[in-house]
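Here's the letter readout for the chains.
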Amino acid sequence: AKDSLRGLVFSEDPDLRTRAAVSLGRLRDRLAVPALIEALWLAETAYDREEAVRWLGRLRDPRAVEPLLALIPEFATRYLVAIALGQIGDRRVYGALADMLSWERRSNIRDSVVRGLGLLGDTRALPKLVELAESEPELTFTLESLIRLGALQRGLIGGADFVADMQHSAGIARCAAFSPNHD
């Protein structure tokens, strides 16, 4: 089946190429990357475009960085693009993700950007994430990203208090009942 899909990513039919690329992506086959990149612009449905973004991030191929950066202005996929860029782990995207926090006002997209910064693994994000933990406690991935980036070990945040009924902390077992700077 994998060999058949590999052949289909070169099909003349763009819809067939997209579907084959997504299927190959699910099989973690990097041969899908060029067709997934192409699908960012040629996919016939929003679902196919979203799947292309998701699998480009999951495949972590740096060839996808520039095409994904070009999609940041598009509202419909912005939240997925932020996560995919972080998953790829190419530190060139730090500036673009950090900049999004200065102009993006929708909390669901801001939360995806915060998640992307944590997945990226670039410690330059730490000061901004500490600030966001204080100023926007409704963001669910701030604490997870801070932990991923080593904020606890660096003493930038205090220990987390685990509370079962917390609303906003999906990232690390619903923790942080108090300010992230408490001791």
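Above: the structure in question.
Before going into details, it helps to say that this report is about the structure given with it. Predicted model, so just to flag it, every value in this text is computed and none were measured.

### Details of helix α9 (residues 126-135)
By the burial criterion, the buried members of α9 are Leu126, Leu129, Val130, Leu132 and Ala133. Looking straight down α9, one finds its buried side chains confined to an arc of 160°; they lie on one side. Looking at the packing, one finds that the buried side of α9 touches α7 (94-103), α8 (107-120) and α10 (142-148).

### Quick word on the nonpolar core
Counting 52 residues, the largest nonpolar core has Leu36, Leu68, Leu97 and Leu146 as its most contacted members. Those residues in contact with Leu97 that sit more than four places away from it in its chain are Ala82, Leu85, Gly86, Val113, Gly116, Leu117 and Leu120.

### Let's talk about unusual backbone geometry
Unlike most non-glycine residues, Arg28 shows phi in positive territory, near 60°. Mapped onto the fold, Arg28 is located in the loop between α2 (14-26) and α3 (33-42). Phi at Arg60 takes a positive value of approximately 55°, unusual for a residue other than glycine. Tracing the backbone shows Arg60 in the loop between α4 (46-59) and α5 (65-70). By relative accessible area, Arg60 is classed as partly exposed at 45%.

### Details of the environment of Ala98
Relative to the helices and strands, Ala98 resides in helix α7. In this structure, the C-alpha to C-alpha distance between Ala98 and Val114, residues 16 residues apart in sequence, is 8.6 Å.

### What to know about the pattern of salt bridges
Applying the stated rule across the entire model yields 18 salt bridges. Between Arg148 and Glu144 there is a salt bridge, and its shortest N-O distance comes to 3.0 Å. With Arg148 and Glu144 both in helix α10, this residue pair falls four residues apart, about one helical turn. Relative accessible area serves as the criterion here: at 47%, Arg148 is assigned to the partly exposed category. Relative accessible area serves as the criterion here: at 15%, Glu144 is assigned to the buried category. Ionic contacts of the salt-bridge type, sharing partners, join the residues Asp3, Arg6 and Asp29 into one network.

### Regarding α8
Owing to its 3.6 residues per turn, the α-helix aligns residues three or four sequence positions apart on the same side. Between its terminal C-alpha atoms α8 stretches 20 Å, which fits the 20 Å expected from 14 residues at 1.5 Å a residue. Counting buried positions along α8 yields ten of 14 residues, so the element is predominantly enclosed. Where α8 is concerned, the buried positions are Ile109, Arg110, Asp111, Ser112, Val113, Val114, Gly116, Leu117, Gly118 and Leu120. Of the surrounding secondary structure, the elements contacted by the buried residues of α8 are α6 (75-88), α7, α9 and α10. In the segment just after α8, Gly121 is the residue with positive phi, at about 85°.

### Some points on the side chain of Glu50
Structurally, the position occupied by Glu50 is in helix α4. Ignoring sequence-local partners within four residues, the contact set of Glu50 consists of Ala76, Thr77, Tyr79 and Leu80.

### Let's talk about the packing of aromatic side chains
Scanning the model with the defined rule gives zero aromatic pairs in all. Lying across the ring of Trp55, Arg58 places its NZ or CZ 4.6 Å from the centre.

### Let's talk about the packing of α6 against α8
At their nearest, the axes of α6 and α8 sit 6 Å apart, and the two run at 15° to each other. When the axes of α6 and α8 are compared, the pair comes out roughly parallel. Once α6 is placed against α8, the crossing between them reads as left-handed. Along its contact with α6, which presents Phe75, Arg78, Tyr79, Ala82, Ile83, Leu85, Gly86 and Gln87, the element α8 presents Ile109, Ser112, Val113, Arg115, Gly116, Leu119 and Leu120. Broken down by class, the residue content of the contact of α6 with α8 amounts to nine nonpolar, four polar and two charged.

Criteria and cut-off values
Residues numbered from 1 in each chain as written. Predicted model: local features only at pLDDT ≥ 70, side-chain atom pairs only at ≥ 80, totals over all residues. Heavy atoms only, no water. Buried < 20%, exposed > 50% of the residue type's maximum accessible area, 1.4 Å probe, protein only. Helix = DSSP H or I, 4+ residues; strand = E, 2+ residues; numbered from the N terminus. Arc of directions from axis to C-beta. Contact = heavy atoms within 4.5 Å. Core = buried A, V, L, I, M, F, W, Y, C linked by side-chain atoms within 4.5 Å. Salt bridge = Lys/Arg side-chain N within 4 Å of Asp/Glu carboxyl O. Expected span 1.5 Å × (residues − 1). Phe/Tyr/Trp six-rings, centres within 6.5 Å; stacked < 30°, edge-to-face > 60°. Lys NZ or Arg CZ within 6 Å of the ring centre and 35° of its normal. Axes fitted to C-alpha atoms, helices over the stretch in contact; angles between N-to-C directions. Parallel < 35°, antiparallel > 145°, perpendicular 65-115°, else oblique. Left-handed = near helix turned anticlockwise from the far one by under 90°. Nonpolar A, V, L, I, M, F, W, Y, C, P; charged D, E, K, R; others polar.

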